[in-house]
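One letter stands for each residue in the lines below.
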Amino acid sequence: MKLTCKVTFLSRTQASPSLYLAGKLFGGQELTVGEGARVVVAQTGVIGTAAAIPGIFVFLKLQVSGGGVIEFERGTTYKSPIEIRSVSINIAYGGTLQGPYFRFRSSYLNVAFNGTINADALGYKASQGPGAGSNITLTGGSYGGCGGETSLQYCKVYGTMARATSFGSGGGSSVVNSKFGAGGGIVEVHVEKLIINGMISSSGGAADNSTTGGGSGGSVHLSVSQQVCYIICSRL
């Protein structure tokens, strides 16, 4: 299915999600997800200008209103980022962008108070990843440091502090396909101006102490060329 429009406003519906996009929605140079609306973008989904392709979403303006959610489904590979290119990106109070591996390229990114860019527990699943915990002792996943209860003998540290762009590893698990203990995802931010009063998060998933250890956190990499604002702005 292919739809074409210049300005797209997605409003809240009784059914959830408000939109499940597996086809193409082209021409939406300005996309606003309304208050309380939830949009799920499948691996095959394409939204934005005509320059958008699966995995690369291009806008002039992207707005996530209060309580609105855009959720990008994870694929079978851990290597491909969800790249969002936009002149401006605004995540309002209570708004959420969620996905396993984000790469933002924008002139302006604003994450308002209680707004979230969320890659929590969307990295390697339990028992997976280069720093996976022990399936016998149910230790936590490792990444930049040793996972919980992991001895130095079995600690598997990986990645680099200079450019943190790796997924977190899962905790050890005694069950198959545990819903607990996944590692954190990846968020890369390449912008000119960043205003953040909300949260950018790639935490690991919690443990289930009887079957699964906790996952290690993933990565948040910030590259800001001009200005960073928390409550006070600083020029770079």
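Here, every reference points to the structure presented above.
In this text the structure is predicted, and so the values were computed from the model without any measurement.

Trainee: So what exactly am I meant to see when it comes to the overall build of the protein here?
Mentor: Across its full length, the protein carries zero helices and 17 strands. Its C-alpha atoms give the protein a radius of gyration of 18 Å, near enough to 18 Å, the size a compact globule of 236 residues would have. In terms of overall dimensions, the protein has a C-alpha envelope of 55 × 45 × 30 Å along the principal axes. Looking at the 236 residues of the protein, the share that counts as buried comes to 49%. The long-range share in the protein, meaning contacts at least 24 apart out of those at least 6 apart in sequence, stands at 59%. As displayed, the protein has an accessible area near 11,600 Å², and 54% of this comes from carbon and sulfur atoms. Positive and negative side-chain charges in the protein, numbering 17 and 10 respectively, have mean positions lying 7 Å apart.

Trainee: Whenever I open this one, the state of the cysteines confuses me. Can you help?
Mentor: Joining two cysteines, a disulfide is a covalent bond between their sulfur atoms. Going through the model one piece at a time under the given rule, you end up with one disulfide. The disulfide that involves Cys-146 links it to Cys-155, with 2.1 Å between the sulfurs. One quick way to see it: the torsion about the S-S bond of Cys-146 and Cys-155 is about -105°, and its sign makes the bridge left-handed. Residue Cys-146 is classed as partly exposed on the basis of its relative accessible area of 36%.

Trainee: Just to check I follow, could you spell out empty space enclosed by the protein for this structure?
Mentor: Summary: where empty space remains is shown by rolling a probe the size of a single water molecule over the atoms. Under the counting rule described, the total for this entry stands at one cavity of 30 Å³ or more. As a volume, the largest cavity reaches approximately 50 Å³. If you list the elements that add at least two residues to the lining of the largest cavity, you get strand 5 (30–33), strand 6 (38–41), strand 8 (56–64) and strand 9 (69–72). Looking at side-chain class alone, the lining of the largest cavity contains 11 nonpolar, no polar and no charged residues.

Trainee: So what exactly am I meant to see when it comes to the pattern of salt bridges here?
Mentor: Pairs can form between side chains of opposite charge once their charged atoms are near each other. Under the definition given, this model contains six salt bridges. Note that Arg-105 and Glu-83 form a salt bridge whose closest N and O atoms lie 3.3 Å from each other. Here Arg-105 is found in strand 12 (residues 101–111), whereas its partner Glu-83 is found in strand 10 (residues 82–91), with 22 residues between them in sequence. Among the ionic pairs, Glu-188 bridges to Arg-163, the shortest N-O distance being 3.2 Å. Of this pair, Glu-188 sits in strand 14 (residues 186–196) while Arg-163 sits in the loop between strand 13 (116–118) and strand 14, and the two are 25 residues apart along the sequence. Overall, Glu-188 belongs to the buried group, its relative accessible area being 2%. In the salt-bridge network here, residues are joined through shared partners; they are Glu-83, Arg-85, Arg-103, Arg-105, Arg-163 and Glu-188.

Trainee: I keep staring at the sheet that holds strand 9 and nothing clicks. Help me out?
Mentor: Strand pairing in a sheet relies on backbone hydrogen bonds. The paired strands run either parallel or antiparallel. The strand order 3-6-9-11-13-15 describes an open sheet built from six strands, whose pairing is parallel. Among the strands making up the open sheet, the edge pair consists of strand 3 (19–21) and strand 15 (199–201). On average, each strand axis in the sheet is inclined to that of its neighbour by 10°, with strand direction left out of account. In terms of strand pairing, strand 13 meets strand 15 through three bridges, oriented parallel. For Ile-117, the partnering residue across the bridge sits in strand 15 and is Ile-200.

Trainee: For this particular structure, what's the right way to read the packing of aromatic side chains?
Mentor: Two aromatic rings, taken as a pair, are described by how far apart their centres are and by the angle between their planes. This structure, assessed with the given rule, holds seven aromatic pairs. For the ring pair Phe-57 and Phe-72, a centre distance of 5.1 Å and an interplane angle of 55° mean the geometry is tilted. Separated by 15 residues along the polypeptide, Phe-57 in strand 8 and Phe-72 in strand 9 bring together distant segments of the chain. Considered together, Phe-57 and Phe-72 belong to a single accessibility category, that of buried residues. Every member of this aromatic cluster is reached through a ring pair, and the members are Phe-57, Phe-72, Phe-102 and Phe-104.

Trainee: Would you explain the side chain of Ser-219 in this entry?
Mentor: Note that Ser-219 resides in strand 16 (residues 219–229). A distance of 2.8 Å separates the side chain of Ser-219 from the side chain of Tyr-143, its partner in a polar contact. Sequence-distant contacts of Ser-219, defined by excluding residues within four places in its chain, comprise Tyr-143, Ala-164, Thr-165, Ser-166, Gly-185, Ile-186, Val-187 and Ser-202.

Trainee: Where do I start with the layout of surface pockets in this structure?
Mentor: In this structure, the second largest pocket occupies an estimated 180 Å³ of space. What lines the second largest pocket is a set of 14 residues, and nearest its centre among them are Ser-134, Thr-137, Thr-139, Thr-150 and Tyr-154. For the lining of the second largest pocket, a count of residues per class yields three nonpolar, nine polar and two charged.

Trainee: So what exactly am I meant to see when it comes to the nonpolar core here?
Mentor: As a rule of thumb, soluble globular proteins bury nonpolar side chains together. With 34 residues, the main nonpolar core has Phe-72, Ile-84, Phe-102, Phe-104 and Ile-117 as its most contacted residues. The element contributing the most residues to this core is strand 14, with five residues.

Rules used in this analysis
Residues numbered from 1 in each chain as written. Predicted model: local features only at pLDDT ≥ 70, side-chain atom pairs only at ≥ 80, totals over all residues. Heavy atoms only, no water. Helix = DSSP H or I, 4+ residues; strand = E, 2+ residues; numbered from the N terminus. Rg over C-alpha atoms; globule rule 2.2 N^0.38 Å. Buried < 20%, exposed > 50% of the residue type's maximum accessible area, 1.4 Å probe, protein only. Contact = heavy atoms within 4.5 Å. Areas by Shrake-Rupley, 256 points an atom, 1.4 Å probe, with all protein chains shown as cover. Lys, Arg positive; Asp, Glu negative; His and termini not counted. Charge placed at Lys NZ, Arg CZ, Asp CG, Glu CD. Disulfide = S-S within 2.5 Å. 1 Å grid on protein atoms, 1.4 Å probe; cavity = no way out; pocket = protein on both sides within 12 Å on 5 of 7 lines; lining within 4 Å. Points joined across faces, edges and corners; volume = space filled by probe spheres on them. Nonpolar A, V, L, I, M, F, W, Y, C, P; charged D, E, K, R; others polar. Salt bridge = Lys/Arg side-chain N within 4 Å of Asp/Glu carboxyl O. Pairing = 2+ DSSP bridges. Axes fitted to C-alpha atoms, helices over the stretch in contact; angles between N-to-C directions. Phe/Tyr/Trp six-rings, centres within 6.5 Å; stacked < 30°, edge-to-face > 60°. Polar contact = N/O pair within 3.5 Å; in protein donor to acceptor, adjacent residues only side chain to side chain. Core = buried A, V, L, I, M, F, W, Y, C linked by side-chain atoms within 4.5 Å.

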